[in-house]
Each structure stands twice: as structure tokens, then as C-alpha cells.
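Chain and residue survey
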Amino acid sequence: MSATVFCRKYQKDLPALSVAPLPGQKGQDILSNISKQAWDEWMAHQTRLINEKRLKVFQPEARSYLQEQMEKFFNNEALDEIEGYVPPKDA
């Protein structure tokens, strides 16, 4: 059976990530408090943000912006909208 974590985003026990996705304390916080589902959804959202806003991830401002958006995503706060993005309809 895979490990579970009480997910901050979904407020329930869900399958956990197997390794910290980032180095240091931030990675450990995510590993302990964010489910694999929430992380995968964040990665997809982050990719859309990078593409839509043409972010250059090597720039400190872009990394800071993505870090801020990630915190909002996991805390269920309002996020910047992605122009032209239409969420998939549930089947």
C-alpha cells in the first residue's frame, strides 16, 4: 500500500509523493502536506503559466512569481487567470 498524506489543498488523506519535489525545507513541507494529485495538478498549471506568460524560469522574478502562485494554489487562494485556458469538462 502506498503512503498517504493529509493534503492541504484537498483537506483529506490522499496518496503521497514518493520523494520531495524541491530541495530543502520547501520540498519537505510539500512532501509532508501535499498529495501527489495536488502536485501533479500544480505542475500542469505551472506549465500553462510559463507558456501563457512566456516566463523565463531562469530569471529570479519568474521563479518568485511561480513560488507565490504555487503557495496560492496549495492554499486554495485566488490564482492568476491563464488567458484562453478552458478547464476540461469532467467526463
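Reading the values: rules and limits
Residues numbered from 1 in each chain as written. Predicted model: local features only at pLDDT ≥ 70, side-chain atom pairs only at ≥ 80, totals over all residues. Heavy atoms only, no water. Axes fitted to C-alpha atoms, helices over the stretch in contact; angles between N-to-C directions. Helix = DSSP H or I, 4+ residues; strand = E, 2+ residues; numbered from the N terminus. Parallel < 35°, antiparallel > 145°, perpendicular 65-115°, else oblique. Left-handed = near helix turned anticlockwise from the far one by under 90°. Contact = heavy atoms within 4.5 Å. Nonpolar A, V, L, I, M, F, W, Y, C, P; charged D, E, K, R; others polar. Salt bridge = Lys/Arg side-chain N within 4 Å of Asp/Glu carboxyl O. Buried < 20%, exposed > 50% of the residue type's maximum accessible area, 1.4 Å probe, protein only. 1 Å grid on protein atoms, 1.4 Å probe; cavity = no way out; pocket = protein on both sides within 12 Å on 5 of 7 lines; lining within 4 Å. Points joined across faces, edges and corners; volume = space filled by probe spheres on them.

What follows covers the packing of helix α2 (residues 36–52) against helix α3 (residues 60–74). Relative to each other, α2 and α3 sit at 140°, their axes nearing to 11 Å. One element, α2, and the other, α3, form an angle in the oblique class. Like other packed secondary-structure pairs, α2 and α3 cross with a definite hand, here right-handed. Judged by residue contacts, Ala38, Trp39, Glu41, Trp42, His45, Gln46, Leu49 and Ile50 of α2 engage Tyr65, Leu66, Gln69, Met70, Phe73 and Phe74 from α3. Looking at the contact of α2 with α3 residue by residue, the class counts come to ten nonpolar, three polar and one charged.

A few words now on the pattern of salt bridges. The final tally for this structure, using the stated rule, is four salt bridges. A salt bridge links Arg8 to Asp29; the nearest nitrogen and oxygen atoms lie 2.9 Å apart. With a gap of 21 residues between them, Arg8 in the loop between β1 (4–7) and β2 (12–15) and Asp29 in helix α1 (residues 24–33) connect regions that are remote in the sequence. Given a relative accessible area of 22%, Asp29 falls into the partly exposed group. Linking Glu71 and Lys26 is a salt bridge whose minimum nitrogen-to-oxygen distance equals 2.2 Å. With Glu71 in helix α3 and Lys26 in helix α1, the pair connects residues that are 45 residues apart, well separated along the chain.

Right, let's get into the layout of surface pockets. Space inside the largest pocket adds up to approximately 240 Å³. Along its surface, the largest pocket is lined by Leu22, Pro23, Lys26, Trp39, Trp42, Met43, Gln46, Val57, Arg63, Leu66, Gln67 and Met70. At the level of elements, α2 and α3 are the ones that each hand at least two residues to the lining of the largest pocket. Classifying every residue of the lining of the largest pocket by side-chain character gives eight nonpolar, two polar and two charged.

Take the environment of Glu41 next. Relative to the assigned elements, Glu41 resides in helix α2. In sequence terms Glu41 and Phe73 are 32 residues apart; their C-alpha atoms lie 9.4 Å from each other. In contact with Glu41, other than residues within four places in its own chain, are Lys9, Tyr10 and Phe73.

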